[in-house]
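Next come the chains, spelled out residue by residue.
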Amino acid sequence: MSSTLDFLDLAVPPEDREVRDAVWRVLSSGTYVLGPEVEAFEAEFSEYIGAEYCIGVNSGTAALELILRAMGVGEGDEVLVPAYTAIATWMAVSEVGATPVGVDVDSLFGMDPVAAAAARTDRTRAAIVVHLLGRPADFHTISASLPGLPLIEDCAQAHGARIRDARVGSLGIAAAFSFYPTKNLACLGDGGAVVTSDPDVAERVRLFRSYGWRERSESLIKAGNSRLDEVQAAVLRVRLRRLDDENAKRQRLARLMSDLLATARLVTVPSGAEWASSVWHLYVVQTKNPDALARDLKEHGIGTLRHYAPLPHQTPAFRSLKTTYPIAERLAEAALSLPLHPRLAAADIERVAAAVGEK
Ligand SMILES: *Cc1c(COP(=O)(O)O)cnc(C)c1O
């Protein structure tokens, strides 16, 4: 019982020949940025999601920014964002010069459709629907409550999640994915992608990715550099082939954890909607005093994290917006993320649940 059970274990094991070979193949190729591995990954990932185009970029934040730039969103514009999300969702909006307008969430941590309609003004140019924790937000109800408004999906935590038969990332005007090392589909550094079926958005995102170039050296628009590199793409191609199995394992472990914790006095287990299939990026329980439970679990050698405290509007960066979101705040105050990832075994989940249940 004294060994430690880390919240995450990201090191590539020595026996993972496929990932090591992929890195080695790129090392020997002499092509390191936007080459054949990136192109192949883009084709494979757009097909996996069920969309026409994929444009590899260098982070999830860049993916969101490039979508907004491609749509012409900037100074003076407002973009609806959920109050409960990673800070990057809000930052991408402010980085293009627009104002993130927070919207409170429903009990499943997704943007609340009624609150979204109430927050819309004549400056609202788009909404970013975040599929948080691996769990799809109620995209179709949100869409119906915002008629005519383009919806961008933030899929940084939901690679492979589905609403009925459709994968998230295929539903809105465009979707942003992150491949940061902690995500369900992860590379060995920073990486991201834009997925879309809109040819104009795809073309403009491609220009914004690299100096406004369609052909080398001819800048059609002003743009920076957000390119994906070949090492990351080669690793992502290997790991994309494993994604469905790993997500299925997360689902099995999550079911086990929820069964074991069903009668635990101290925590409420996460729930889902019958129309959605979660990929369990995070397993977040609600508990009265998450910091105390985190301390207790640490004494058992079990790592936990808080997602997210503080929420974006509570950080110094956005505090001046002077807003409050009661449901998001109540959920965040009680949230504790327990370890759950595909490297864990059923016995690890039993150990976590036993330590929580003991309290
Ligand atoms: C990780 C994450 C991002 C940002 O991705 P980066 O690759 O770290 O820039 C955006 N949105 C959400 C919900 C995330 O979890």
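Use the structure listed above.
Residues numbered from 1 in each chain as written. Predicted model: local features only at pLDDT ≥ 70, side-chain atom pairs only at ≥ 80, totals over all residues. Heavy atoms only, no water.

S.K.: I'm lost on the site of the ligand in this one. Help?
M.R.: As a structural note, the neighbourhood of the ligand is formed by 13 residues, with Gly-60, Thr-61, Asp-154, Ser-178 and Lys-183 the closest of them. The separation between an oxygen atom of the ligand and a polar side-chain atom of Ser-178 is 2.6 Å. Summarising the interface, the protein chains cover 89% of the accessible area of the ligand, which totals 380 Å² for the free molecule. Of all the secondary structure elements, the ones that give two or more residues to the shell around the ligand are helix 3 (60-70) and helix 4 (87-95). (Near = heavy atom within 4 Å. Polar contact = N/O pair within 3.5 Å; in protein donor to acceptor, adjacent residues only side chain to side chain. Areas by Shrake-Rupley, 256 points an atom, 1.4 Å probe, with all protein chains shown as cover. Helix = DSSP H or I, 4+ residues; strand = E, 2+ residues; numbered from the N terminus.)

S.K.: Sorry, what's going on with the side chain of His-307 here?
M.R.: Tracing the chain through its elements places His-307 in the loop between helix 10 (290-299) and helix 11 (326-333). With a relative accessible area of 12%, His-307 lands in the buried category. Of the polar contacts made by the side chain of His-307, one reaches the side chain of Ser-337; its length is 2.7 Å. Non-local contacts of His-307, meaning those with residues more than four positions away in its chain, are made with Phe-7, Tyr-84, Leu-282, Ala-335 and Ser-337. (Buried < 20%, exposed > 50% of the residue type's maximum accessible area, 1.4 Å probe, protein only. Contact = heavy atoms within 4.5 Å.)

S.K.: Just checking my understanding: could you explain unusual backbone geometry for this structure?
M.R.: Leave glycine aside and you will find that most residues have negative phi; peptide bonds, for their part, are mostly trans. Across the junction of His-307 and Tyr-308, the peptide omega takes the value 0 degrees, indicating a cis bond. For the bond running from Ala-309 to Pro-310, omega is 0 degrees, close enough to zero to count as cis. Tracing the backbone through its elements, the reader meets Pro-310 in the loop between helix 10 and helix 11. Positive phi, close to 45 degrees, is recorded for Leu-34, a residue that is not glycine. By the secondary structure assignment, Leu-34 is in the loop between helix 1 (17-27) and helix 2 (36-49). Residue Leu-34 is classed as partly exposed on the basis of its relative accessible area, which comes to 30%.

S.K.: When you look at helix 9 (residues 243-261) in this model, what are you seeing that I'm missing?
M.R.: Count 3.6 residues to each turn of an α-helix, and residues three or four apart come out pointing the same way. Helix length check: helix 9, at 19 residues, gives a terminal C-alpha distance of 27 Å against a target of 27 Å (1.5 Å per residue), a fit within 8%. Every buried residue belonging to helix 9 is among Leu-243, Asn-247, Arg-250, Leu-253, Ala-254, Met-257, Ser-258 and Leu-261, and all of these are buried. Take helix 9 and look down its axis: the buried residues cluster within an arc of 135 degrees, on one side only. In helix 9, the exposed positions angled more than 90 degrees off the buried face are occupied by Asp-245, Arg-255 and Asp-259. (Expected span 1.5 Å × (residues − 1). Arc of directions from axis to C-beta.)

S.K.: Honestly, the environment of Ile-302 in this entry has me stumped. Any pointers?
M.R.: Summarising the element assignment, Ile-302 is placed in the loop between helix 10 and helix 11. Under the relative-accessibility criterion, Ile-302 is labelled buried at 2%. Remark: the alpha-carbon pair of Ile-302 and Val-352, spanning 50 residues in sequence, is separated by 7.1 Å. In this view, Ile-302 contacts Leu-5, Leu-297, Pro-339, Arg-351, Val-352 and Ala-355; residues no more than four positions away in its chain are not counted.

S.K.: Please explain the nonpolar core as it appears in this structure.
M.R.: One recurring pattern in soluble globular proteins: nonpolar side chains tend to sit buried together. Grouped together as the largest cluster of nonpolar side chains are 47 residues, with contacts concentrated most on Val-79, Tyr-84, Ile-128 and Ile-152. At the level of secondary structure, the elements contributing two or more residues to this core comprise strand 1 (53-57), helix 3, strand 2 (78-82), helix 4, strand 4 (124-130), strand 8 (174-178), helix 7 (199-209) and helix 11. It is helix 3 that contributes the most residues to this core, seven residues altogether. Other than its neighbours up to four places away in sequence, Tyr-84 contacts Val-105, Phe-109, Leu-132, His-307, Tyr-308, Leu-311, Ala-328, Leu-331, Ala-332 and Ala-335. Within the second largest apolar cluster, 41 residues are counted, among which are Val-129, Ala-175, Val-195 and Leu-243. (Core = buried A, V, L, I, M, F, W, Y, C linked by side-chain atoms within 4.5 Å.)

S.K.: It is not clear to me how the pattern of salt bridges should be interpreted in this structure. Could you clarify?
M.R.: Between side chains of opposite charge, pairing is possible as soon as their charged atoms come close. All chains considered together, the criterion is met by 14 salt bridges. Measuring nitrogen to oxygen at the nearest pair gives 3.1 Å for the salt bridge that ties Asp-9 to Arg-343. Of this pair, Asp-9 sits in the segment before helix 1 while Arg-343 is found in the loop between strand 13 (335-338) and helix 12 (346-357), placing the two residues 334 residues apart along the sequence. Residue Arg-25 pairs with Glu-37 through a salt bridge whose shortest N-O separation is 2.9 Å. Placement of the pair is Arg-25 in helix 1 and Glu-37 in helix 2, with a sequence separation of 12 residues. (Salt bridge = Lys/Arg side-chain N within 4 Å of Asp/Glu carboxyl O.)

S.K.: Help me understand the pairing of strand 8, please; the structure alone is not making it clear to me.
M.R.: Successive residues of a regular strand alternate their side chains across the two faces of the sheet. In terms of residue burial, strand 8 counts as a mostly covered element, since five of its five residues are buried. On strand 8, burial covers both faces: Ala-174, Ala-176 and Ser-178 on one face and Ala-175 and Phe-177 on the other are all buried. Relative to strand 8, strand 5 (residues 151-154) runs parallel, the two being bridged by three bridges. Paired with Glu-153 across the bridge in strand 8 is Ala-175. Relative to strand 9 (residues 192-196), strand 8 runs antiparallel, the two sharing four bridges. Within strand 9, the residue paired with Ala-176 across the bridge is Val-194. (Pairing = 2+ DSSP bridges.)

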